[in-house]
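Spelled out, the chains give:
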Amino acid sequence: MTKCSACSSKFPRGDYAPLATHYYIQSEQSDPAHVMWLNRFVTNQKMSQQDLERALHRLFDLKDKPVSDWMRKKFVERFFGVRPHPFVLALQHPSKRTLLGYVIEHQHFLRQWVRSCSYIMAKTDKTDATLYELDNINTEFGGFGPDKLSHYELLLRMGESLGMDRQEILSTTPLPDTEKAIDGWDDIAKKSHWVETMAAMHGLELIADRTLVDSGATLHYFEPSILDKSNNEVTEATKNFLREGYEADAGHSKEALDLVDKYSAEYSLAEDVQATFLSSIDLFYSYLMARLARGEKLDLED
């Protein structure tokens, strides 16, 4: 089976006619979730049911390549294309409010990250996937002692270096878009195959993958020169946090996507992975906007 990215309804794998009929009926009824999905990933122009079927086939056609190649392409289009995501633009040379918005909302994301990875381990019997997730949870959340702090700890220290008390960071509730995204990822982890969850979560690490410029990205996650020792644009704690993701996520995301390729082929799940990945990057887009909204809110409060 494959599924609708907007509502998770399931349809026969490899046949886009039923999926096209579903989207066509939902769009005719002006269902917001389906209409917005079509506008983002297919077209904002009205189509016949037959044209929509052909368009969906083009969208999901892997062209005999691994599903991870398709994921990279779609991620670049969504976040680093002709119109890069506004948060990516703001992070090129970030202001204090952009970074604090990042800190406050991202701590909630990382706590969900651990839960999602735990679901993968609970559902899989594959040793390589389990070992990957164990390492990932420690890297992101647990850490490896004082010489190798977790991304979570580095994030909190970045916030402290920007003048915000740790307890204030931890006690701040997430904005609605962050909460909605967290609920969406939790739903994916609970209900979807573990390979889909792996694609949904670890595909997001592409955001800091510096090799995306080789796949058509128009810019990096942030301007790399801000990490230079001679650059005082951001605090040292901010450099430490950004550098960790910048140096690790290329390898981290590749290892995870290699596992997605391997097991989506073994379980014949490529189309399910594609649909779930599109749902996940939709959630991620809104979540990144929440980082900016938080920064603006802090600015107003100041």
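Heads up: these notes are all about the structure in this document. These numbers come from a predicted model, not from an experiment.

1. Some remarks on helix α11 (residues 194-202)
No. 1: Across the nine residues of α11, nine count as buried, placing the element largely inside the fold.
No. 2: Taken together, the buried positions of α11 are occupied by W194, V195, E196, T197, M198, A199, A200, M201 and H202.

2. A look at the pattern of salt bridges
In a structure, side chains of opposite charge can pair up when their charged atoms sit close to one another.
No. 1: Tallied over the entire structure, the rule returns 20 salt bridges.
No. 2: Where R294 meets E105, a salt bridge forms, and the shortest distance between an N and an O atom there is 2.6 Å. Linking R294 in helix α13 (residues 270-301) with E105 in helix α6 (residues 96-123), this pair joins segments that are 189 residues apart in sequence. Each member of the pair R294 and E105 is classed as buried.

3. A closer look at unusual backbone geometry
No. 1: Its identity is not glycine, yet S8 carries a phi of approximately 70°, on the positive side.
No. 2: Considering the arrangement of structural elements, one finds S8 in the loop between β1 (2-3) and β2 (10-11).
No. 3: Among the residues examined, S8 registers a relative accessible area of 43% and is labelled partly exposed.
No. 4: Not every positive phi belongs to a glycine, and K63 is a case in point at roughly 55°.

4. Considering the environment of W185
No. 1: Structurally, the position occupied by W185 is in helix α10 (residues 176-191).
No. 2: Judged by relative accessible area, which is 1%, W185 ranks as buried.
No. 3: Residues W185 and F109, 76 residues apart in the sequence, show an inter-C-alpha distance of 9.6 Å.
No. 4: Dropping the residues within four chain positions of it, W185 is found in contact with F109, Q112, S116, M201, L204, S280, L283, F284 and Y287.

5. A closer look at the packing of aromatic side chains
The relation between two aromatic rings is expressed through the spacing of the ring centres and the mutual angle of the planes.
No. 1: Using the criterion set out here, one finds 26 aromatic pairs in the structure.
No. 2: Measuring from ring centre to ring centre gives 5.4 Å for F87 and Y102, while their planes differ by 85°; the resulting arrangement is edge-to-face. A residue pair is termed long-range when its members are at least 10 positions apart, and F87 in helix α5 (residues 86-91) and Y102 in helix α6 qualify at 15 residues. For the pair shown, F87 and Y102 are each scored as buried.
No. 3: Members of the aromatic cluster, each reached through a chain of ring pairs, are F75, F79, F80, F109, W113, W185, F284, Y285 and Y287.
No. 4: Between R291 and the ring centre of Y102, over which it is positioned, the NZ or CZ distance is 3.9 Å.

Conventions adopted
- Residues numbered from 1 in each chain as written.
- Predicted model: local features only at pLDDT ≥ 70, side-chain atom pairs only at ≥ 80, totals over all residues.
- Heavy atoms only, no water.
- Buried < 20%, exposed > 50% of the residue type's maximum accessible area, 1.4 Å probe, protein only.
- Helix = DSSP H or I, 4+ residues; strand = E, 2+ residues; numbered from the N terminus.
- Salt bridge = Lys/Arg side-chain N within 4 Å of Asp/Glu carboxyl O.
- Contact = heavy atoms within 4.5 Å.
- Phe/Tyr/Trp six-rings, centres within 6.5 Å; stacked < 30°, edge-to-face > 60°.
- Lys NZ or Arg CZ within 6 Å of the ring centre and 35° of its normal.

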